[in-house]
Amino acid sequence: MVNFKEEERLNTLNHSCAHVMAQAIKHLYPQAKFWVGPVVAEGFYYDVDLGEDVITDESIAAIEKEMKKVCKEGKKIYRREISKSEAMELFAGDEYKLDLIEDLEDGNITVYDQGDYTDLCRGPHVDNTKLCKNFKLVKHSGVYWKGDANNKVLQRVYGVCFPTPEELEEHIKLLEEAKERDHRKIGKDMQLFMVDDLIGRGLPMFLPRGYTIWQELENYIKEKERKLGYQHVMTPCVGTVNLYKTSGHWDHYKENMFPAMEMEGESFVLRPMNCPHHMMIYANKMHSYKDLPIRIGEIAHDFRFEASGTLKGIERGRHFCQNDAHLFVTPEQIADEVSKVVDLIFDVYKDFNITDYRCVLSLRDPADTKKYHQDDEMWNTAEDALRKVLKDLHIEFTEEIGEAAFYGPKLDVNVKPAVGNEYTLSTCQLDFCLPAKFELTYVDKDGEKKTPVVLHRAILGSLDRFMAYILEETKGNLPLWLAPSQVKILPVKNEDEELLAYAEEIRELLDRAGMRVELDARSEKLSYRLREAQIQKVPYILVLGNNERNDRTISYRLHGQQKTTTVSIDAFVEKLTNEIDNKLVAPVEEA
RNA sequence: GCUGAAAUAGCUCAGUCGGUAGAGCACUUCACUCGUAAUGAAGGGGUCGUGGGUUCGAGUCCCAUUUUCAGCUCCA
């Protein structure tokens, strides 16, 4: 584990390496103008305007070569304090640096010199460029200046730097291992899902083995919800445009919806979310305060026209299934219901052994009048309410401005995948907005009609995305209850009729016990079939020969292990049933 | 959508200077009957993503296009 001091040292080194890269780029592209070059979680990057030039894989190699040269020269790095007017003069003609200097306070401006290169920087830096020699440029891309799609595209080059070549090597190895954990690779290798151009991009299809996992997840969460008083519904994947105009989604998100279909003078869209459908289910009848909370749940198919560059296997597609629910509550019930949702989230994370997550309270940006529903009082009430509940529950969270939904603040639980950026797995959103738009009511104690509050929540998020995460976390070695194939039976010989009969008897027995079991009696060597079963990541591999048949026992081997264990048939069934029913994340070994 | 890269058999990939398509695995058949990660042999399988162009000749060079990948932006 890297401690804080070490991390600071590493950050300084990476920051200096960013300057070395900038210097090298300046040598190769004299017209280069630099924006910012910060240290990030995995190294550093620098954004640069190369005018007409762009960065390609070849130019990366050239830049690396030039950087080696800069490091070898080993120029001292000097820090200099300068005044704002000096800075303006030094960087005259560089609109990017001037833009940065504009926001800096006079008397608080420093530049760093190394040989023929000077950069505006607050530092700190290592004292010589030769310390930066253990680096690698890992990727590059075009980025919008200040992240705004209306601005000019700059070139961003990412790199990493370490004190020793060994640490650099180790880091590169880790990156490669992460690629092996990518759910898209696992999904292909294990035949879980597929995509096809003719079906359409962003539209993955679950194969039998993948759908088995999917169904287990569906059953799992629905059972949890049922016990907590949720009622499940099924609603259509299409709705009228008017439905989404009523909810407000049309104004906010129509660019990201599949376009409207006009039929018989009516306009329909594939639904991007289920809130409006569930609102109408609530509105279907009169409700008393005594009926609340009402919890409407659905494993719901949704369609969003995500930008092509954002599609990623089953983690983010244009069709997905939300583990969605809308809780209709009185204002007094908010705290209790949010707390139950939070409990459910962490209960589920415990079942799946998910420990590496981050809670975010996503708030509106009051300055963004376009995105957010305009009602200051509503926002203040909702944000304060949600913040208070989280604090009372002693949940550790950070607050992020401008991350709220257009209708209300939310608690997001974020995780990081093997490859790529953090995403939200679970969410709980507090909404004072949609119930009013749909004029939802309940009759309170005093006989007055009042507007309920709605909690939007998704625990597994989308089943597709959750599955992607679990595949990456487990590297495809799923717990028994989720494994597409739980037991593989390998008779030692396949021409011994009595042995085959015994293998078939065991297969039927396990099948009747509700297990997913396969018998592999092909005329291949045992070691061949065993190897295949291991590659398929089948948790339990049974090897049955005449020893087992004579004793009426079972010999099994766990995926990825060498050890063979022999037990009675009953003991084996009991062991597996226990493991499946209790959804254990790892097999229990006898003492 | 934006910047860059890539696309060759079901999968993983090779294919040099432009000279007419390769391997391993998988699949089919035959032989082998085997006690814990690959038995041997033979065979089938490709309009080299798609469409144009250059050339005597294109998997290879050029243009367009589709899809995939990395990053950016976005994620109700």
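Quantities reported herein were computed from a predicted structural model and do not represent experimental measurements. (Residues numbered from 1 in each chain as written. Chains lettered and ligands numbered in written order. Predicted model: local features only at pLDDT ≥ 70, side-chain atom pairs only at ≥ 80, totals over all residues. Heavy atoms only, no water.)

On to the domain arrangement of chain A. Each domain of chain A was delimited in the assignment, giving domain 1 (8-181), domain 2 (193-474) and domain 3 (487-581). Of note, the centres of domain 1 and domain 3, computed from C-alpha atoms alone, are 58 Å apart. (Domains from an automatic or database assignment.)

A word on helix α11 (residues 334-352). Here α11 spans 27 Å end to end across 19 residues, near enough to the 27 Å set by a 1.5 Å rise per residue. Looking only at α11, the buried set comprises Ile-334, Glu-337, Val-338, Ser-339, Val-341, Val-342, Leu-344, Ile-345, Val-348, Tyr-349 and Phe-352. One or two steps after α11, the chain reaches Asn-353, where phi turns positive at roughly 60 degrees. (Helix = DSSP H or I, 4+ residues; strand = E, 2+ residues; numbered from the N terminus. Expected span 1.5 Å × (residues − 1). Buried < 20%, exposed > 50% of the residue type's maximum accessible area, 1.4 Å probe, protein only.)

Moving on, we come to the nonpolar core. Phe-352 and Leu-542 are the most contacted members of the largest nonpolar core, which has 77 residues in total. With 9 residues, the top contributor of residues to this core is α11. Counting the residues that make up this core, at least three belong to each of domain 2 (193-474) and domain 3 (487-581). Not counting chain neighbours up to four residues away, the residues in contact with Leu-542 comprise Val-487, Lys-488, Ile-489, Leu-490, Ile-506, Leu-510, Ile-554, Ser-555, Tyr-556 and Phe-572. One finds Ile-55, Tyr-117, Phe-135 and Cys-161 within the second-largest nonpolar core, a separate group that totals 31 residues. (Core = buried A, V, L, I, M, F, W, Y, C linked by side-chain atoms within 4.5 Å. Contact = heavy atoms within 4.5 Å.)

Attention shifts here to the sheet that holds strand β4 (residues 77-82). Spatially, 3 strands are ordered β4-β5-β6 in an open sheet, and the strand pairing comes out antiparallel. Two strands close off the open sheet at either side, each with one partner strand: β4 and β6 (117-120). Between one strand axis and the next, the sheet turns by 25 degrees as a mean value, whatever way the strands run. As paired strands, β4 and strand β5 (residues 109-114) are joined by 6 bridges and run antiparallel to one another. Pairing of Ile-82 across the sheet is with Ile-109, part of β5. (Pairing = 2+ DSSP bridges. Axes fitted to C-alpha atoms, helices over the stretch in contact; angles between N-to-C directions.)

Moving on: empty space enclosed by the protein. Considering all chains together, one arrives at 1 cavity of 30 Å³ or more under this definition. Considering only enclosed or pocket space, the largest cavity measures out at about 40 Å³ in volume. Around the largest cavity, the lining residues are Leu-228, Tyr-230, Arg-295, Leu-327, Glu-337, Lys-340, Val-341 and Leu-344. Here the element with the most residues in the lining of the largest cavity is α11; it accounts for 4 residues. For the lining of the largest cavity, the residue count by class is 5 nonpolar, no polar and 3 charged. (1 Å grid on protein atoms, 1.4 Å probe; cavity = no way out; pocket = protein on both sides within 12 Å on 5 of 7 lines; lining within 4 Å. Points joined across faces, edges and corners; volume = space filled by probe spheres on them. Nonpolar A, V, L, I, M, F, W, Y, C, P; charged D, E, K, R; others polar.)

Okay, the environment of Lys-445 next. By secondary structure assignment, the location of Lys-445 is in the loop between β21 (442-443) and β22 (449-450). When the C-alpha positions of Lys-445 and Glu-400 are compared, they lie 38 Å apart, and in sequence the two are 45 residues distant.

The next point concerns the protein's contact with RNA strand B. Around RNA strand B, the structure places 59 residues, and the nearest of them are Arg-184, Ser-308, Tyr-528, Arg-531 and Arg-557. Backbone atoms, meaning sugar and phosphate, form 57% of the atoms of RNA strand B found within 4 Å of the protein. In this structure, Tyr-407 approaches RNA strand B through a side-chain N or O atom, which is 2.8 Å from a sugar or linking oxygen. Measuring from a phosphate oxygen of RNA strand B, one finds a side-chain N or O atom of Lys-410 at 3.3 Å. Those elements giving two or more residues to the surface near RNA strand B turn out to be β7 (135-144), β8 (153-161), α6 (183-189), α9 (249-253), α16 (526-535) and α17 (546-551). Looking at the surface near RNA strand B residue by residue, the classes come out as 18 nonpolar, 23 polar and 18 charged. (Near = heavy atom within 4 Å. Polar contact = N/O pair within 3.5 Å; in protein donor to acceptor, adjacent residues only side chain to side chain.)

This brings us to the pairing of strand β24 (residues 487-491). For β24, the buried fraction is high: 5 of the 5 residues fall into the buried class. Covered by surrounding structure in β24 are Val-487, Ile-489 and Pro-491 together with Lys-488 and Leu-490, the residues of both alternating faces. Of the pairings in the sheet, the one linking β24 to strand β25 (residues 517-519) comprises 3 bridges and is parallel in character. Across the sheet, Ile-489 pairs through a bridge with Leu-519, a residue of β25. Crossover handedness for the path β24 to helix α15 (residues 497-512) to β25: right-handed. Relative to strand β26 (residues 540-544), β24 is paired through 5 bridges, and the arrangement is parallel. Residue pairing across strands places Pro-491 opposite Leu-544, the latter belonging to β26. (Right-handed = clockwise from strand over helix to strand, strands pointing away.)

This part is about the confidence of the model for chain A. On average, residues of chain A score 91 in pLDDT, and 98% of them reach the 70 mark or higher. Our summary of model confidence lists the complex with pTM equal to 0.92 and ipTM equal to 0.94. (pLDDT = per-residue confidence, 0-100.)

Here we take up the pattern of salt bridges. All chains considered together, the criterion is met by 39 salt bridges. Residue Asp-49 is joined to Lys-152 by a salt bridge in which the shortest nitrogen-to-oxygen separation is 3.1 Å. Taken together, the residues Asp-49 in strand β3 (residues 43-49) and Lys-152 in the loop between β7 and β8 connect sequence positions 103 residues apart. Take Lys-152: its relative accessible area is 43%, and that puts it in the partly exposed class. Ionic pairing is found between Glu-498 and Arg-549, a salt bridge with its closest N-O pair at 2.7 Å. Here Arg-549 lies in helix α17 and Glu-498 lies in helix α15, a separation of 51 residues in the sequence. Its relative accessible area of 23% is what places Arg-549 among the partly exposed residues. Via salt bridges that share partners, Arg-295, Asp-336, Glu-337 and Lys-340 belong to a single interconnected network. (Salt bridge = Lys/Arg side-chain N within 4 Å of Asp/Glu carboxyl O.)

Moving on, we get to helix α2 (residues 57-73). Here α2 contains 17 residues, and its C-alpha end-to-end distance of 25 Å stays within 8% of the 24 Å for a straight helix at 1.5 Å per residue. Looking only at α2, the buried set comprises Ser-59, Ile-60, Ile-63, Glu-64, Glu-66, Met-67, Val-70 and Cys-71. In the segment just after α2, Gly-74 is the residue with positive phi, at about 60 degrees.

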